[in-house]
Amino acid sequence: MLIDKNYISAFVKTTERAAYGASLLKGKGDKIAADKAAVDEMRSQLNKIDMKGRIVIGEGELDEAPMLYIGEKVGNNNGYELDLAVDPLEGTNFAAKDLPNAISVLAVTLKGNLLNAPETYMEKIAIGPGLPKNLVDLDFGVKKNIELLAKAKKISPNKLTACVLKRPRHDLIVKELNSMGVKINFISDGDVLGVISVANPNSNIDLYIGTGGGPEGVLAAAALKCLDCQIQTRLVLQNDEEKNRAKKIGINDFKKKYDVNDLVKGDVIFCATGVTDGSLLKGIKNNEDTFEAETFVLHKSSSLNKIIKNKVKK
Ligand code: VTB
């Protein structure tokens, strides 16, 4: 079964409204308030949609997130049973400081088709389209992955660019990339867009590598699936508490490597609206009675892949 195309505009509207909510607090230094504004707008929009929706990836567990928590039912209880991964404000720091690349993002599948990823870290390696299947692997290590990628692209390693989240935990990866002359595009946050940058020929990013949020990994995989790119991930469960949380949502093999189709099965819709201006999307522009929004929208089964610009009534 596929997701009806008629849903697309409703989900575009959802990330548009969430981005608008966050944009009202842009640059005000309060990331919690910006996140809450995005969550409130997203939730109220989701509840207008004809669906029996369920949040699979959300703002956290019920006790820590009063809204859009994992397991929350959304929609007006008519229509399809859908599973949702949402990040009403990805890049809360970016929004609070009015820095580029804050987005509101969601992915939708039919029920049961999204990996229930716990709120833990996840190792990620992603590459663009048109490359041999399973070319890179988390277990190969940086050197071998770079050599394989360079060979497949018929260029030398020092012509490759990798996107890496700037964190001390990546020092070793960075050292190895440096030793091979690979150019590094560091990001300070926002690895959903970081991972997706491998799909964008204008970004010149050949590889995403490193450890970021698990939920963000599933969201990025939804986009990569529509863009025929590859990602491999593995959960990082650091202690018994995290292992128990994973078990509670049905994960028993803690070392499992998930590829794009393990993370997101079947048909999928992906929407991301810019909150602040960024490399892929312009941010929200506020006018008197309207706001302007740019949304990157993908739908696997209809091969939809475009940036939609809308002027929306406030
Ligand atoms: C990433 C990134 C997020 O968290 O997942 C990152 O996509 C990972 O966590 O935007 P740490 O900050 O703990 O390294 C964010 O930067 C913030 O949620």
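As the structure is a prediction and not an experimental result, all values here were calculated from the model. (Residues numbered from 1 in each chain as written. Predicted model: local features only at pLDDT ≥ 70, side-chain atom pairs only at ≥ 80, totals over all residues. Heavy atoms only, no water.)

With that settled, the discussion passes to the side chain of Gln45. Within the secondary structure, Gln45 is located in helix H2 (residues 31-46). Using a relative accessible area of 6% as the deciding quantity, one classes Gln45 as buried. Look past the residues within four positions of Gln45 in its chain and what remains in contact with it is Lys13, Thr14 and Arg17. (Helix = DSSP H or I, 4+ residues; strand = E, 2+ residues; numbered from the N terminus. Buried < 20%, exposed > 50% of the residue type's maximum accessible area, 1.4 Å probe, protein only. Contact = heavy atoms within 4.5 Å.)

Bringing the nonpolar core into the picture now. One broad trend across soluble globular proteins is that nonpolar side chains are buried collectively. Membership of the largest hydrophobic core comes to 47 residues, with the highest contact counts inside it found for Tyr208, Leu224, Ile231, Leu263, Val264 and Phe270. Ranked by the residues each element gives to this core, the list is headed by helix H7 (residues 214-226), at 8 residues. Inspection of this core shows a minimum of three residues originating in each of domain 1 (5-113 + 267-313) and domain 2 (121-263). With residues near it in sequence (within four places) discarded, Tyr208 still touches Lys124, Ile125, Ala126, Cys163, Leu165, Ile187, Asp191, Gly194, Val195 and Val198. With 38 residues, the next largest nonpolar core counts Met42, Leu84, Val275 and Phe291 among its residues. (Core = buried A, V, L, I, M, F, W, Y, C linked by side-chain atoms within 4.5 Å. Domains from an automatic or database assignment.)

By the element assignment, Pro215 lies in helix H7. Here the alpha-carbon distance between Pro215 and Asp40, two residues 175 residues apart in the chain, equals 19 Å. Non-local contacts of Pro215, meaning those with residues more than four positions away in its chain, are made with Ile57, Ala117, Pro118, Glu119 and Thr120.

Under the domain assignment used here, the protein contains domain 1 (5-113 + 267-313) and domain 2 (121-263). Computed from C-alpha atoms alone, the centre-to-centre distance between domain 1 and domain 2 is 24 Å. Listed by partner, the interface residues are 22 residues for domain 1 and 21 residues for domain 2. Interface of domain 1 and domain 2: buried area, both sides summed, is about 1700 Å²; carbon and sulfur atoms make up 74% of it. Scanning the region where domain 1 abuts domain 2 turns up 1 salt bridge. The residue Lys300 makes a salt bridge to Asp228 at a minimum N-O spacing of 3.3 Å. One can count 5 residue pairs in polar contact (both at pLDDT 80 or more) joining domain 1 with domain 2. Of all the secondary-structure elements, those providing two or more residues to the side of domain 1 that touches domain 2 are strand S3 (80-90), helix H3 (92-97), strand S4 (103-110), strand S11 (268-274) and strand S13 (290-299). When the residues that make up the side of domain 1 that touches domain 2 are grouped by side-chain class, the tally is 13 nonpolar, 5 polar and 4 charged. (Buried area = accessible area lost by both parts, 1.4 Å probe. Salt bridge = Lys/Arg side-chain N within 4 Å of Asp/Glu carboxyl O. Polar contact = N/O pair within 3.5 Å; in protein donor to acceptor, adjacent residues only side chain to side chain. Nonpolar A, V, L, I, M, F, W, Y, C, P; charged D, E, K, R; others polar.)

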